[in-house]
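# Structure assessment
So the chains spell out like this:
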Amino acid sequence: MQEMPHDDSRELNAAKAEANIRLRDMFGINLYEWNFIVDEGDSHKRSFSEPKMSLIKSFGAVRHYLDWKKIEDTPGSYTFNPTRRGGWNYDAIYQRCKQEGILVLSCLKEAPDWLYNTYPAGQRDANDVPAPYGSNLEDPASYIAQAKAAFQFAARYGSNKNVDPALLSVNTTPRWTADPVNEVKIGMGLIKYIEADNERDRWWVGDRAFQSGREYAAHLSAFYDGHKGKLGKNVGVKNADPSMKVVMAGLSKADVNYVKEMIDWCKEKRGYRADGTVDLCFDVINYHLYSNDAGSTQWGEATRGVAPELSEIGKVADEFVKMSKEYANNIDVWMTEAGYDINPGSPQRAISIEEKSALMTQADWILRSSLLYARHGIKKVFFYQLYDDNAANPIQYGSSGLVEGLKRRPATDYIYQASKLMGDYIYKETISKDPLVDVYEYSGKKMYVLAIPDEKNRKGSYELNLQGSNSATIYNLKPGSDEMLISKADVSGGKIKINVSETPVFVQGN
């Protein structure tokens, strides 16, 4: 076993955390409404699956992919409980999440058929830009339909109880005899964050689906506040609930220049606020990035995933955080899609490493991704996704689920155990690069998280300074369990030698 050298603090240049980044906030998950319920019967009457809820509670937050057509079946006809399409009860889902302390980011996405049918034959699907065909895509008014839906959603699930009821409507026609009917509800206090569509820079579909930064800024301006109220009282999230935060659509291409385009449009079309800052039409910057051997891109020719620290994701995170500080009023930066497949044919796969299976490597890399993003100032992370789309298919992202059936995969075991041990701990600093040694704090207590940033099963040891402690508690992750393995060790002269591997280990002085 190799003893790892200490890094010179002058070389580390590890800035102490400027913001309170909780470890729990690095453990979000992407999912769909059907992931909550028992798979039988009419969807409106389906009960929650308690085993599935137990799995979902392993994560600190959920990013809910919400198809726009579900809440607006036909233009101006809104349904939430039950929805006209699918019969979903979003009231119950969001209420249960609040009850369980699960933060929800609702991603209102995809053009509904009644909108994309305005496009020419052969160009009609949910990928299309959510504006009628032929619209001026730099005009906020082109996006008024989705912005009106966002208003209805925010008025219902936001925290403002003083919305004018005259501005709200639901379709009260039952789907069949004795079917429950929708009712207008105001200020239910269930949702704090809403995302304005998903990956609007979807270059792989073509011009009918791609929005430039300027075009998407116009889209956001309508969605955010009805282009500063100019599009009507019933348009935009902020006109329903000023406290609800609007998250920009996660970028498929993690390019800060796209966001700078959005900011430039805001300067020109929205101007500046009273405090001199740009009047941005988004509260959170958001991007997607998957670690792989094609430079961590969705458009390169990757052959496999790579360990997070050996990829570009730390550098890209730094670029986004720096850009926010310099150009975007230092608003929060989130990363809402990341992950690894387990299918051996996937170009985004986690690899087996000696005795470690792909599932075990996935677990290491997922947890270390969370630690990396906290280290680089990203405020929230959401992994893709709860369940596999199809584990037998080698397509990228098809086998990236973190649970299987009614059981956690090792990655979720690790997330569950780390959250249970120190979910409320705040990242403070990194005192070594190799091995990585992160320091977290909560209520005056410190926790050290150590891991080797590699992908070849490298092992070593590190002398940890626990001055003032006479013993240490060492926590090792245990796949297939609710609990970590716990051991005690004596501290001699304030120092203790810790065995370190590519699987994070947690140490606390006593």
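Residues numbered from 1 in each chain as written. Predicted model: local features only at pLDDT ≥ 70, side-chain atom pairs only at ≥ 80, totals over all residues. Heavy atoms only, no water.

## Side note on the nonpolar core
One broad rule of soluble globular proteins: the nonpolar side chains tend to lie buried together. The line we're drawing: Buried residues of nine kinds, namely Ala, Val, Leu, Ile, Met, Phe, Trp, Tyr and Cys, make up a nonpolar core once their side-chain atoms join them within 4.5 Å. Think of it in three bands: residues with accessible area under 20% of the maximum for their type are buried, residues over 50% are exposed, and the middle band is partly exposed, with areas taken using a 1.4 Å probe on protein chains only. Helix and strand assignments come from DSSP, with helices taken as H or I runs of at least 4 residues and strands as E runs of at least 2, each series counted from the N terminus.
Among the nonpolar cores identified, the biggest contains 126 residues, and Tyr94, Phe282, Ile285, Tyr287, Phe320, Tyr373 and Phe506 are the most heavily contacted of them. It is helix 10 (residues 358-375) that contributes the most residues to this core, 9 residues altogether. Ranked by size, the runner-up nonpolar core spans 16 residues in total, among them Tyr462, Leu466, Ala472 and Val500.

## Overview of the confidence of the model for the protein chain
Condition: For every residue, the predictor states its confidence as a pLDDT score lying anywhere from 0 to 100. Only heavy atoms enter the contact rule, under which two residues are in contact if any of them lie within 4.5 Å.
Counting all residues, the mean pLDDT for the protein chain is 94, and 94% of those residues have values of 70 or more. Contacts from residues 1-17, a stretch scored under 50 in pLDDT, to residues over four places away or in other chains number 33 contacts.

## Remarks on the pattern of salt bridges
Short version of the rule: By convention in these notes, a salt bridge is any Lys or Arg side-chain nitrogen within 4 Å of a carboxyl oxygen on Asp or Glu.
For the coordinates displayed, the defined rule picks out 44 salt bridges. Between Asp91 and Arg156 there is a salt bridge, with its nearest N and O atoms 2.9 Å apart. Here the residue Asp91 occupies a position in helix 4 (residues 90-99), and Arg156 occupies one in helix 6 (residues 144-157), the gap between them amounting to 65 residues. Arg156 shares its class with Asp91; the two are buried. Arg304 serves as the salt-bridge partner of Glu455, at 2.5 Å between the closest nitrogen and oxygen. Separated by 151 residues along the polypeptide, Glu455 in the loop between strand 16 (445-451) and strand 17 (460-465) and Arg304 in the loop between strand 9 (284-288) and helix 9 (313-327) bring together distant segments of the chain. Residue classification places Glu455 among the buried residues on the basis of a relative accessible area of 15%. Look at the salt bridges and you will find they share partners, linking Glu33, Asp67, Lys70, Lys109, Glu110 and Arg202 into a network.

## Examining helix 9
The condition is simple: An expected span of 1.5 Å times one less than the residue number is assigned to each helix.
Helix length check: helix 9 (15 residues) gives 21 Å between terminal C-alpha atoms against 21 Å at 1.5 Å per residue, within 8%. Of the positions making up helix 9, those classed as buried are Ile313, Gly314, Val316, Ala317, Phe320, Val321, Met323 and Ser324. Among the structural elements, helix 8 (256-269), strand 9, strand 10 (332-337) and helix 10 are those in contact with the buried residues of helix 9. Note on helix 9: the residue one or two positions beyond its end, Asn329, has a positive phi of about 60°.

## Details of the environment of Ala154
Looking at the element boundaries, Ala154 is found in helix 6. C-alpha separation for the pair Ala154 and Val491, spaced 337 residues apart in sequence, amounts to 54 Å.

## Quick notes on helix 7 (residues 213-229)
The line we're drawing: To get the bend at a residue, fit one axis to the 7 residues ending there and another to the 7 starting there, then take the angle between the axes.
The sharpest bend along helix 7 reaches about 85° and sits at Phe223. The buried count for helix 7 comes to 14 of 17 residues, which makes it a mostly enclosed element.

## A short note on the layout of surface pockets
Over the atoms rolls a probe the size of a water molecule, and its path tells where empty space is left. Convention followed: Buried and open spaces are told apart on a 1 Å grid over the protein atoms alone, a cavity being a set of points where a 1.4 Å probe fits but cannot get out and a pocket being an open set with protein on both sides within 12 Å along at least five of seven lines. Residues with an atom within 4 Å of a point are the lining residues. Grid points are joined across faces, edges and corners, and a volume is the space filled by probe spheres set on the points. The nonpolar class holds Ala, Val, Leu, Ile, Met, Phe, Trp, Tyr, Cys and Pro. Asp, Glu, Lys and Arg form the charged class, and all remaining residues, Gly among them, are polar.
As a volume, the second largest pocket reaches approximately 450 Å³. When grouped by side-chain class, the residues that make up the lining of the second largest pocket number 7 nonpolar, 4 polar and 6 charged.

## Observations concerning the packing of helix 4 against helix 6
Selection criterion: For helices, the fitted line uses only the C-alpha atoms of the stretch in contact; every axis is such a line through C-alpha atoms, and the angle between N-to-C directions lies from 0 to 180 degrees. Any angle that falls under 35 degrees is termed roughly parallel, while one over 145 is termed roughly antiparallel, one within 65 to 115 roughly perpendicular, and all others oblique. We call a crossing left-handed when the near helix sits turned anticlockwise from the far one by less than a right angle, and right-handed when that turn is clockwise.
As a packed pair, helix 4 and helix 6 sit with axes 12 Å apart at the nearest point and diverge in direction by 50°. With respect to helix 6, the axis of helix 4 lies oblique. Remark: the crossing between helix 4 and helix 6 carries right-handed chirality. Across the interface between the two elements, Tyr90, Asp91 and Tyr94 from helix 4 touch Phe153, Arg156 and Tyr157 from helix 6. Looking at the contact of helix 4 with helix 6 residue by residue, the classes come out as 4 nonpolar, no polar and 2 charged.

## A short note on the sheet that holds strand 14 (residues 426-433)
Spelled out, the test is: For two strands to count as paired, DSSP must find a minimum of two bridges between them.
One open sheet holds the 6 strands; their spatial order is 14-15-16-21-18-19, and the pairing between them is antiparallel. A single partner strand is all that each edge strand has here, and the edge strands are strand 14 and strand 19 (485-490). This sheet shows a mean twist of 25° between the axes of neighbouring strands, independent of strand direction. As paired strands, strand 15 (residues 436-442) and strand 16 are joined by 7 bridges and run antiparallel to one another. Bridge pairing in strand 16 links Asp438 to Val449. Across the face of the sheet, helix 10 comes into contact with strand 14, strand 15, strand 16 and strand 21 (505-509) while running at roughly 70° to strand 15.

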